[in-house]
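Chains, contacts and geometry: an overview
Listed below, chain by chain, are the residues.
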Amino acid sequence: MSQGYEIEEGVTLRLPPLAGKQLLAEASADDLRVLFALAEEDYRTSVDALARKTGLTLTRTAAAVEHWLDAGVLKEKTAPEKSPYLPSDDLPLGRAGDDARVIGEKNLQGYLDTCALILKKQLNPAEVNILVALVSDLGASEYYITTLLSHCVGTLRCHGIRYLEKTATSLFDRGIRSDAALDEYIRASELAHSNEGAVRRLYGMGARELTDGERECLIRWFSTYGYDLDIIGLAYDRTVATANKVTVKYTDKILAEWHRLGIRTVSAAEEYIQKKADEAAAKHTRTKKPTAPAKAPDSFDTDFFLESALKRSYGSADKQTTDSDQKGD
């Protein structure tokens, strides 16, 4: 489980040397604000704390952290815990026998009843075991798990407790641990989900499930970036025109660049695309090998031309006179 972030090996400054590097050119204002906040906290903090410190939303903060992780400036720091959370597949034998004691000590029966109502079924011992572990070992609140379970069942149409477990541990690893952070994540996820059908049709996905990475891309597009289907459709067209393989990830790179440049509308994106095309054409023209100019015709001597013309004229006249004299003889 993630315990914050630390500077990657080889980066010696608390604020890494960024001047002149591509990752600085690609960094947005959000990215820089989060990096400064991380440095002030000695890189030992959570997404929740960073959001409060920078005044950004949780989704924008998480996106900025992802930028520095991808750039190789940060890496997730894991630390040993006294009681690490064990996924259900790794639970030691006999642990289920402790559930009744934990349920009584933590007064979890109402929480379990709520989960059963959401699932519309009676919980089996293995499901009870997972639900208890998520609260007692992972450290999630009862509100956190029941809210996330409602989202999984109602929005994502995933009714399995193991899916809930996988989703909860993944969100905790990403720093989304408080009830407020979960609420914001769910709002962003539901906005993306409402547009998922249109994106599926755009990419011809059929009935297959989105991968976790693709789902996170949709959350960025619709929530973090605030884009609509029109501008996403334009980014898709650019993907088709420039990529060897049409993927959501490639479109995500295009939209990330537009977001970094402050492009918010289709018209602004089209102007940017045209500007890049004009720049590419101008560059091609500058680098194209110049062709040799057409050879100019040789100039002529005007006096020589007149003299030759007169000779031709007088020569013809002299010849005519000579011919007449010969006839007269």
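Turning to the overall build of the protein, a few remarks are in order. What the protein contains, in helices and strands, is 16 helices and two strands. Looking at the protein residue by residue over its 329 residues, the buried ones come to 39%. Sequence separation of 24 or more characterises 67% of the internal contacts of the protein that already satisfy a separation of 6 or more. For the protein, the accessible surface area stands at approximately 19600 Å², while carbon and sulfur atoms represent 53% of it.

Turning our eyes to something else, we now look at the confidence of the model for the protein. Across the protein, the average pLDDT comes to 79, with 73% of residues at or above 70. Per-residue pLDDT stays below 50 along residues 79-83; that stretch engages in four contacts with residues further than four places along the chain or on separate chains.

Counting residues in hydrophobic clusters, the biggest one holds 64 residues, and the most contacted among them are Leu131, Tyr144, Ile145, Trp221 and Trp258. Residues contacting leucine 131, with those up to four places away along its chain left out, are Tyr111, Leu112, Cys115, Leu123, Ile145, Ile161 and Leu164. Of all hydrophobic cores here, the second largest spans 14 residues; its members include Ala27, Ala37, Leu56 and Ala64.

One way to put it is that helix α13 (residues 229-242) packs onto helix α15 (residues 266-287) with a least axis distance of 9 Å and a crossing angle of 25°. The angle between the axes of α13 and α15 places the two elements in the roughly parallel class. Of α15, the residues touching α13 (which contributes Asp230, Ile231, Leu234 and Arg238) are Val266, Ala269, Glu270 and Ile273. Among the residues forming the contact of α13 with α15, the class breakdown is five nonpolar, no polar and three charged.

Under the counting rule described, the total for this entry stands at three aromatic pairs. Summarising the aromatic geometry, the rings of tyrosine 203 and tyrosine 236 are spaced 4.9 Å apart at their centres and angled 80° between planes, so their arrangement reads as edge-to-face. With a gap of 33 residues between them, tyrosine 203 in helix α11 (residues 196-203) and tyrosine 236 in helix α13 connect regions that are remote in the sequence. For the pair tyrosine 203 and tyrosine 236, a shared accessibility class is recorded, and that class is buried.

Relative to the assigned elements, valine 65 resides in helix α4 (residues 58-70). The exposure class of valine 65 is buried, given its relative accessible area of 2%. Residues valine 65 and valine 47, 18 residues apart in the sequence, show an inter-C-alpha distance of 8.0 Å.

Below, the discussion takes up helix α8 (residues 142-154). For α8, with 13 residues, the first-to-last C-alpha span of 18 Å sits near the 18 Å given by 1.5 Å per residue. Those residues of α8 not exposed but buried are Tyr144, Ile145, Thr146, Thr147, Leu148, Leu149, His151, Cys152 and Val153. In the core, the buried residues of α8 are packed alongside α6 (109-119), α7 (125-136), α9 (161-173) and α10 (179-194).

This part covers α7. Here α7 contains 12 residues, and its C-alpha end-to-end distance of 16 Å stays within 8% of the 16 Å for a straight helix at 1.5 Å per residue. Burial runs high along α7: nine of the 12 residues are buried. Every buried residue belonging to α7 is among Glu127, Val128, Asn129, Ile130, Leu131, Val132, Ala133, Leu134 and Val135, and all of these are buried. Elements that come into contact with the buried residues of α7 comprise α5 (99-106), α6, α8 and α9. Here α7 starts with a cap whose side-chain oxygen sits 3.1 Å from the backbone nitrogen of alanine 126, and that cap is asparagine 124.

How each quantity is defined
- Residues numbered from 1 in each chain as written.
- Predicted model: local features only at pLDDT ≥ 70, side-chain atom pairs only at ≥ 80, totals over all residues.
- Heavy atoms only, no water.
- Helix = DSSP H or I, 4+ residues; strand = E, 2+ residues; numbered from the N terminus.
- Buried < 20%, exposed > 50% of the residue type's maximum accessible area, 1.4 Å probe, protein only.
- Contact = heavy atoms within 4.5 Å.
- Areas by Shrake-Rupley, 256 points an atom, 1.4 Å probe, with all protein chains shown as cover.
- pLDDT = per-residue confidence, 0-100.
- Core = buried A, V, L, I, M, F, W, Y, C linked by side-chain atoms within 4.5 Å.
- Axes fitted to C-alpha atoms, helices over the stretch in contact; angles between N-to-C directions.
- Parallel < 35°, antiparallel > 145°, perpendicular 65-115°, else oblique.
- Nonpolar A, V, L, I, M, F, W, Y, C, P; charged D, E, K, R; others polar.
- Phe/Tyr/Trp six-rings, centres within 6.5 Å; stacked < 30°, edge-to-face > 60°.
- Expected span 1.5 Å × (residues − 1).
- Polar contact = N/O pair within 3.5 Å; in protein donor to acceptor, adjacent residues only side chain to side chain.

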